[in-house]
Each structure stands twice: as C-alpha cells, then as structure tokens.
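Chain and residue survey
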Amino acid sequence: MPATNHDPHTWGELARVVVLGAKIQRKKARGKGTARLEKQVDEIREQAQAREDARKRK
C-alpha cells in the first residue's frame, strides 16, 4: 500500500531510499563513488512506479 495518495512508494521503500540517500551523502563527502547506491535507489523507484502503474490499470 502506498505511503500517500500521491506517492507510489510504500513506507518500507521510503525508508530504504532515505537510508541509501544518507549513505550516498556520506560517501560523496569522503570523495567516494556512489553509482552502486544510486542504482539501488533508481531500482526501488522503478519497481514502485511499475507496481502502481499496474495497480491503476486494473
């Protein structure tokens, strides 16, 4: 179930994205690469959007 009516993400997905965002910011501050973490965030967002699109089509 989405967290809000305007957002396709569930509460668990939102929590994972926030945690990954914090990790990304820490790595950027240290000058490290963040591509892997950013890819994980993109995958979470894509899965959530695909799930909501499929739900709306029904």
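Keep in mind that what you see is a predicted model, and the values were worked out from it rather than measured. (Residues numbered from 1 in each chain as written. Predicted model: local features only at pLDDT ≥ 70, side-chain atom pairs only at ≥ 80, totals over all residues. Heavy atoms only, no water.)

**Notes on the pattern of salt bridges**
- One pass over the structure, following the stated rule, counts three salt bridges.
- Residue Glu 38 is joined to Lys 28 by a salt bridge in which the shortest nitrogen-to-oxygen separation is 3.7 Å. Taken as a pair, Glu 38 in helix H2 (residues 35-57) and Lys 28 in helix H1 (residues 11-30) lie far apart in primary sequence, ten residues in all.
- For Glu 38, a relative accessible area of 31% puts it in the partly exposed group. (Salt bridge = Lys/Arg side-chain N within 4 Å of Asp/Glu carboxyl O. Helix = DSSP H or I, 4+ residues; strand = E, 2+ residues; numbered from the N terminus. Buried < 20%, exposed > 50% of the residue type's maximum accessible area, 1.4 Å probe, protein only.)

**So, a positive patch on the surface**
- Together, Lys 23, Arg 26, Arg 30, Lys 32 and Arg 36 give the surface a local cluster of positive charge.
- With three residues, the single largest contributor to the positive patch is H1.
- Within the secondary structure, Lys 23 is located in helix H1. (Patch = residues over 30% accessible without salt bridge, like charges linked within 9 Å, V, L, I, M, F, W, Y side chains within 5 Å. Areas by Shrake-Rupley, 256 points an atom, 1.4 Å probe, with all protein chains shown as cover. Lys, Arg positive; Asp, Glu negative; His and termini not counted. Charge placed at Lys NZ, Arg CZ, Asp CG, Glu CD.)

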